[in-house]
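Descriptive analysis of the structure
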Amino acid sequence: MAMDSAIKLQPAPPFSHKKQVHETYISRIQSLLAEHPHIKWSLESKGSCLTQVTYTDTRENYPITGPEDLIAQSAGLKESREPSICITENISTEYVEALGAEWGIDPMFFIKHATNPDKDKLWWSKRWDWHPPGHSSSEGGNESYAPNDFLASGASPFLKDSSGHLDGVFEYHNEIPGLEPSTFEKLNSSPNFIYRHCFKDKKWPMQSNTRISYCRPTMWMYLFLVDAPIKFPSNILEIHSRSLPTLRFMYSTSRGGVEMPQLYHVSQNQYSVFENLKAFCQHSWHLRVLFDYQSKGKYKIKAGQDVLPCQPLIYLLVSCLWEENLRYLDKEIKRISFREIRNPKLEINSELHDRREDLAHIKAGLIEAAMYIPTEVKEYFATHPLWTSSSRIRIDNWKRLIEEATKLEAFLMETFQLFMSSVSVQDSRLSIEQSSLGIDQARRGSQLTFLAFIYVPLSFVTGIFGMNIQQINGSGLNIWVCFVALVPVIFVTVLVFLAVKLYGSRKGARKKLAFDTEV
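Parameters at a glance
Residues numbered from 1 in each chain as written. Predicted model: local features only at pLDDT ≥ 70, side-chain atom pairs only at ≥ 80, totals over all residues. Heavy atoms only, no water. Helix = DSSP H or I, 4+ residues; strand = E, 2+ residues; numbered from the N terminus. Buried < 20%, exposed > 50% of the residue type's maximum accessible area, 1.4 Å probe, protein only. Contact = heavy atoms within 4.5 Å. Areas by Shrake-Rupley, 256 points an atom, 1.4 Å probe, with all protein chains shown as cover. Salt bridge = Lys/Arg side-chain N within 4 Å of Asp/Glu carboxyl O. Axes fitted to C-alpha atoms, helices over the stretch in contact; angles between N-to-C directions. Parallel < 35°, antiparallel > 145°, perpendicular 65-115°, else oblique. Left-handed = near helix turned anticlockwise from the far one by under 90°. Nonpolar A, V, L, I, M, F, W, Y, C, P; charged D, E, K, R; others polar. Patch = residues over 30% accessible without salt bridge, like charges linked within 9 Å, V, L, I, M, F, W, Y side chains within 5 Å. Lys, Arg positive; Asp, Glu negative; His and termini not counted. Charge placed at Lys NZ, Arg CZ, Asp CG, Glu CD. Pairing = 2+ DSSP bridges. Phe/Tyr/Trp six-rings, centres within 6.5 Å; stacked < 30°, edge-to-face > 60°. Lys NZ or Arg CZ within 6 Å of the ring centre and 35° of its normal.

A count of helical and extended segments in the protein gives 13 helices and 11 strands. In the protein, which comprises 519 residues, the proportion classed as buried is 43%. Considering only contacts within the protein whose residues lie at least 6 apart along the sequence, 79% involve residues at least 24 apart. Total accessible area on the protein stands at roughly 28,000 Å², and carbon and sulfur atoms take up 56% of it.

Okay, the pattern of salt bridges next. Going through the model one piece at a time under the given rule, you end up with 18 salt bridges. The partner of Glu368 in a salt bridge is Arg248, and the shortest N-O contact between them spans 3.1 Å. Here the residue Glu368 occupies a position in helix α9 (residues 346–371), and Arg248 occupies one in strand β9 (residues 246–249), the gap between them amounting to 120 residues. The exposure class of Glu368 is partly exposed, given its relative accessible area of 24%. What you see here is one network of salt bridges that share partners, running through Glu323, Arg327, Arg400 and Glu404.

To characterise two packed helices, one gives the angle between the axes of the helices and the distance between these axes. Relative to each other, helix α8 (residues 310–338) and α9 sit at 155°, their axes nearing to 10 Å. Relative to α9, α8 is oriented roughly antiparallel. With respect to the hand of their crossing, α8 and α9 are arranged in left-handed fashion. Between α8, through Tyr315, Trp322, Asn325, Leu326, Leu329, Glu332, Ile333, Arg335 and Ile336, and α9, the contact on the second element is made entirely by Ile348, Glu351, Leu352, Arg355, Asp358, Leu359, His361, Ile362, Gly365, Leu366 and Ala369. For the contact of α8 with α9, the per-class residue count stands at 12 nonpolar, three polar and five charged.

Time to look at a positive patch on the surface. Taken together, the side chains of Arg506, Lys507, Arg510 and Lys511 define a basic patch exposed on the protein surface. By the element assignment, Arg510 lies in helix α13 (residues 479–518).

Counting buried positions over the 13 residues of strand β6 (residues 206–218) gives 13, a clear majority of the element. Relative to β6, strand β4 (residues 163–172) runs antiparallel, the two being bridged by 10 bridges. Across the sheet, Gly164 pairs through a bridge with Tyr214, a residue of β6. If you look at the hairpin formed by strand β5 (residues 198–200) and β6, you'll find five residues sitting between the two strands, and Lys202 has a positive phi there, around 55°. Relative to strand β7 (residues 221–226), β6 is paired through four bridges, and the arrangement is antiparallel. Its bridge partner lying in β7, Cys215 is registered against Leu223. Connecting the antiparallel pair β6 and β7 is a turn made up of two residues.

Our next topic: the packing of aromatic side chains. Counted under the stated rule, the structure contains 13 aromatic pairs. Relative to Tyr271, the ring of Phe170 lies with its centre 5.1 Å away and its plane at 80°, an arrangement referred to as edge-to-face. With Phe170 in strand β4 and Tyr271 in strand β11 (residues 270–271), this pair connects stretches of sequence that are 101 residues apart. Accessibility assignment for this pair places Phe170 and Tyr271 in one class, buried. Clustering of aromatic rings is evident, with ring pairs tying together Tyr214, Tyr222, Phe224 and Phe291. Lying across the ring of Tyr195, Lys40 places its NZ or CZ 4.7 Å from the centre. Here Lys126 stacks its cationic end above the ring of Tyr251, 5.9 Å away from the centre of that ring.

Structure follows, in structure tokens:
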């Protein structure tokens, strides 16, 4: 496989897998780095705590606390002949020493992982010269091919490279305008031991690069190396914008490459390739493609240690991530539609619009990726006799995902309509409650009016006579005078109330008569 880099790296002499001390292995890497001074890798930094490792056979994730745990776990699965995948983020010197010496990994694999392409070559398209088995070549003549030939011989024409290196480019679309060039260094604040580019080129957005490297230390295991997550500082990127940075790989017929989406269910404050690969490795059918084997039947893992080429791998990975995001959105939209919408709140409207934006991004990404898949990748998956029956590996899988996104989009529009209907029903219910409250208040007002018939005249009489009666202080009028005065006051109060009520009734009747006449 051809690889673009700043300086063409020559293969190192074979590394012996015999027992050697770790210092010999790491010193050899240091000597290779001395031959390539453009590579910046802080091997002197000891920090295995900054390295994340996940080790899985897709059925179980094994806890890894250090290089010794990883070596022991891999040895156990190797004895049981179980295929497994190890993903290492921001590999430290301790892991390089232990894994390189124990597994006999060629030091040039780590050197290539630490290599950066030239800045002006980041967007160059990666070409892949692959021909289906049985393709007639001018150099070797006709190469006969039958599916059972390579099954019996143990040599697969679909795994040919000893290692793979995927170069990706981050594009930051939501940068704050007018930034100083020195502030770009803050994007490299993540504790990555290997230096990567981070720069702004003329009128284009800020850019940085990353690299995914992988090999097979044993025939039963894949080892993936990825960089530390890219964090999004709030003083550089607009945190309220939902236009997150995108990661693209130049393995497409489009000049812009193919986009590797960020998983929606992980933190949106950073981009983690490690989390993407973890999601990819949770599906057992991916092992069939990576190891080129059949779990049932005669076809088993071949004795070699070659890996899946970069171009087919990136499209498998991207397809898996788009599908993961689509499944997540499907779950979230249905949660809102079937649960949250029963008691609608104003926040649901914003959440639905966010889901609509995410769904539009997924659909656009699927259409773009399917449109620019290289012909070689299509032929690669269409040729293998054991992969053509898998719907998830065929190129038609992209069409299926686009159709599912379209159906989910229609369901989302129905959810919007149901939300508006639910809000209307809720408003009606609130209006009824307000009307009931008004009726209740009117009833209480009438009760107070009834009490006023007693207390208003009594207050009037007591205000006139006060405490000056014989039964209280021994002077003034007799108490019966107060009661005699109270009777006409009550009578006058009732007359005034009835007069006001009669006036209001007649006024209402005249208004109703005038309205009926106009109608």
